[in-house]
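Observations on the model geometry
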Amino acid sequence: MAADKSSLPEELQKLLQRQGVRIQAFPQAQNVQEDDAGDDADERRAKALQFDFKPSQIKDYLDRYVIQQDDAKKVLATAVCDHYHHIQSCQGEDDCRDYKKQNIILIGPTGVGKTYLVQNIARLIGVPFVKADATKFSETGYVGGDVEDLVRDLVHQADGDIGLAEYGIVYLDEIDKIAGAHSVAGRDVSGHGVQRGLLKMMEETAVPLRSPSDIAGQMQSLMEFQAKGKFEKKTISTKHILFIVSGAFDGLPNIIKKRVGAKQIGFREDIGVLDKEHLLYEMARSVDFIEYGFEAEFIGRLPVIVHCNQLTAEDLFKILKYSEGSLLKQYKRDFLAYGIDTYFTDDGMQAIAGKAVKEQTGARGLITVCEKTFRNYKYVLPDHPVVREFVVGDEMIQKPQAKLEELLSNPEMYRDRVVEFQVSRFEEKFQQEYAIRVRVTPEAVLQLRRQADEVGKNPLDHFIEVFGGFEHGFNLLQKTSGSVFVIDEPVVEDPSQGVDNWIRESYQKD
Ligand SMILES: Nc1ncnc2c1ncn2[C@@H]1O[C@H](COP(=O)(O)OP(=O)(O)OP(=O)(O)O)[C@@H](O)[C@H]1O
Ligand SMILES: [Mg+2]
C-alpha cells in the first residue's frame, strides 16, 4: 500500500526521491491513533515554571564567581528574570502574543567575563544552555541548517526533553565577526545570511528536530514512519528560547564617538584611555551596531544591550583571591595531586595580577602568567623526594626559576611561612566547622604536621580528623562572645583531655 505522501516532510520526500526509495506504509498504519507526544509537555513546562529567582538573588550568586561587571550583572539578572517570569505568566497563546522577547547583546573587551556571566546564570537556573561561536556558521557556507543546529543542541543538553529545551538559553559568541562591513572579504554574504538565519530564530520559528541534511536522522524518521504509519511532527519552538549574543566589538567605541561627538561625552584630560572606552561602550545604541555592519532587523531583535568593562590589576587580584572559580584553586589541586601544598600570599597574587594586566587579555592573562610561572614547578617537583610545599610570593613570581632552584637545594625553606599559614587555616577551619574560635600555636601545628606525615595525610585533613570526634564535647562548652580556646602541643597530644579542660575552664569563667 502506498503511503500518503503528503504526510512526509517535504525535505524527506525530496531526499527519498533522489535516493530512489519507494515509500510503503505498513497496513496497521491506518489504525494508529494520534500520537500523545504532547502529553507530558505540561510536566516539562512545569520544570521551567519552577523558576523562582529575584534579580538580586541572581546577582548575589554571580558575585561569588564574577568580579566587577556590576551593571552587566544587574541588567542580565533582570532580563533573565523577566524572561522566565513572562513564560510563567503566559498560560495561553493569547497572553504571549504581544510579548517582546528580551534577547541580549553583551559587549566588552576580551576575557572580562562575558561568557562566564552567562555560563553561571545558566548553571544557577538549571535550564539547558548552548554556547557556540558565530564564526562557525560563516565558514560552512550552509547557513540555515547550521544555525538551527544550535536549537537542536539544546535538546541534547536537555536529555532529549524538547519541552525543556524550548526554555533554554542560546549563547553566541564572536557575533561581531558576522557583521557585514567588518567581515573579511568574501564573507559578507554569509555573515548576512547568518544574521538572517538567526533573526528568524530569535523571534519565533519551529525548528525540525532532525536536520534535513542529516541523512541518518531522516532515515530514522522513515523507520518510525514505517512502524507507526505516521510522522511524529517533532519540532522545537524558539518562541521562549532566550538568545544572548556577545562580542568584543573592537572599533565600536570609535563609531559611538563619531555619533555623539567628543564634546557631548565631556571628555576631560584627566579621564584615562580605559575610562574613555568604558564610557563609550556604555553609550552603545542599536544604531551603532547598524553602523558596525549589522542589519537593522537583526539588531532590533536584541533590545537589551549590556556592556562589560576592562579589568584592572586590582580586579585581577580580586579574581584570584575571592572568586569561587579562581584559577588558583585549580593550581592548588594540580600540585596536591602529587602531595604538594601551595600557599599564595597577597603579595604573590598581586604580582600575578600585575603581570597579567599587561597581557591585555583580561582575566585570561592570569592563565598565561600562571602557566609560564609554574611550568617548571609542575614538571620538576613531582619527582622531588622531599619538597612537599611552597609559598608563592612576589619574588617567586618575578624570578620563578631562581626560586625553584633555591627550593630544590633547600626543601625546608618555606617551613616557617607555611606554619604561619597553617595556623590561620586551622583557626578558620575550626570556626567554620564548629563555630568555635581557637588559637592554634605554631608548636601545635608542627606537632600536627608530624602526625600527618606519619599517617601520610594532608595536615588540614588530619587536623579535622583529630578534632572531629569531639563534637559532643564542643556542645558543652560555655561560650561567651570573647571565648577563645587554645590548641597547643598538649591538646594535640591528648585532644580528649584537652577538650575536657576547655569545658571545665569555660564553666569556671562564669
Ligand atoms: N570578571 C571576572 N571575574 C572572575 N573571573 C573572570 C572574570 N572575567 C573573566 N574571568 C575568568 O576568565 C575566563 C575567561 O573569561 P570569559 O570567557 O568570560 O571571557 P569573555 O569576556 O567571554 O571574552 P571573549 O570576548 O574573548 O570571549 C573565565 O572562564 C573566568 O575564569
Ligand atoms: Mg567569550
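For the rest of this paragraph, the subject is the overall build of the protein. A tally of helices and strands in the protein yields 27 helices and 11 strands. Residues classed as buried in the protein amount to 46% of the 510 residues present. Long-range contacts, defined as pairs at least 24 residues apart, comprise 76% of the intrachain contacts of the protein with a sequence gap of at least 6. In the form shown here, the protein has an accessible surface area of approximately 26300 Å², with 48% of it arising from carbon and sulfur atoms.

What follows deals with the site of ligand 1. Of all residues adjacent to ligand 1, which total 16 residues, the nearest are Ile-67, Thr-110, Gly-111, Lys-114 and Thr-115. Between an oxygen atom of ligand 1 and a side-chain N or O atom of Lys-114, the distance comes to 2.7 Å. Between Asp-173 and ligand 1, the recorded distance is 3.5 Å, taken from a side-chain N or O atom to an oxygen atom. Contact with the protein chains covers 83% of the free accessible surface of ligand 1, which is 640 Å². Counting residues per element, the shell around ligand 1 draws most heavily on helix α6 (residues 114–125), at 3 residues. Counting the residues that make up the shell around ligand 1, at least three belong to each of domain 1 (41–249 + 284–307) and domain 2 (313–412).

Right, let's talk about the packing of helix α19 (residues 364–380) against helix α21 (residues 400–409) for a bit. Contact pair α19 / α21: the axes reach a minimum separation of 9 Å and the direction vectors enclose 25°. Here α19 is positioned roughly parallel relative to α21, judged by the angle of their axes. Between α19 and α21 lies a crossing whose hand is right-handed. Here Thr-373, Asn-376, Tyr-377 and Val-380 of α19 come into contact with α21, specifically with Pro-400, Gln-401, Lys-403, Leu-404 and Leu-408. Residues of the contact of α19 with α21, tallied by class, amount to 5 nonpolar, 3 polar and 1 charged.

This model, assessed by the stated rule, comprises 23 salt bridges. Taking the shortest distance from any N to any O, the salt bridge between Glu-174 and Lys-177 comes out at 3.1 Å. Glu-174 sits in the partly exposed class, given a relative accessible area of 27%. The salt bridge partner of Lys-403 is Glu-395, with a shortest N-O separation of 3.5 Å.

To continue, consider the coordination of the magnesium ion (ligand 2). All of the protein donors around the magnesium ion (ligand 2) are Thr-115 (OG1) and Asp-173 (OD); their distances to the metal are 2.0 to 2.5 Å. On the criterion of sequence distance, the pair formed by Thr-115 in helix α6 and Asp-173 in strand β3 (residues 169–173) is long-range, its members being 58 residues apart. Taken individually, Thr-115 and Asp-173 each receive the classification buried, so the pair is uniform in this respect.

Closest axis-to-axis distance for the helix α22 (residues 415–434)/helix α24 (residues 459–468) pair is 11 Å, and the angle between their directions is 45°. It follows from the interaxial angle that α22 and α24 lie oblique. The handedness of the crossing between α22 and α24 comes out as right-handed. Counted together, Gln-422, Arg-425, Phe-426, Lys-429, Phe-430, Glu-433 and Tyr-434 of α22 and Pro-459, Leu-460, Phe-463, Ile-464, Phe-467 and Gly-468 of α24 form the full contact between these two elements. Residue composition of the contact of α22 with α24, by class: 8 nonpolar, 2 polar and 3 charged.

Below, the discussion takes up α19. In this model, α19 (17 residues) spans 25 Å end to end at C-alpha, consistent with the 24 Å of a helix rising 1.5 Å per residue. At Phe-374, α19 shows its maximal bend, which comes to roughly 45°.

Parameters and conventions
- Residues numbered from 1 in each chain as written.
- Chains lettered and ligands numbered in written order.
- Predicted model: local features only at pLDDT ≥ 70, side-chain atom pairs only at ≥ 80, totals over all residues.
- Heavy atoms only, no water.
- Helix = DSSP H or I, 4+ residues; strand = E, 2+ residues; numbered from the N terminus.
- Buried < 20%, exposed > 50% of the residue type's maximum accessible area, 1.4 Å probe, protein only.
- Contact = heavy atoms within 4.5 Å.
- Areas by Shrake-Rupley, 256 points an atom, 1.4 Å probe, with all protein chains shown as cover.
- Near = heavy atom within 4 Å.
- Polar contact = N/O pair within 3.5 Å; in protein donor to acceptor, adjacent residues only side chain to side chain.
- Domains from an automatic or database assignment.
- Axes fitted to C-alpha atoms, helices over the stretch in contact; angles between N-to-C directions.
- Parallel < 35°, antiparallel > 145°, perpendicular 65-115°, else oblique.
- Left-handed = near helix turned anticlockwise from the far one by under 90°.
- Nonpolar A, V, L, I, M, F, W, Y, C, P; charged D, E, K, R; others polar.
- Salt bridge = Lys/Arg side-chain N within 4 Å of Asp/Glu carboxyl O.
- Donors = N, O, S within 2.8 Å, 3.2 Å for Na, K, Ca; no water.
- Expected span 1.5 Å × (residues − 1).
- Bend = angle between axes of the 7 residues up to and from the residue.

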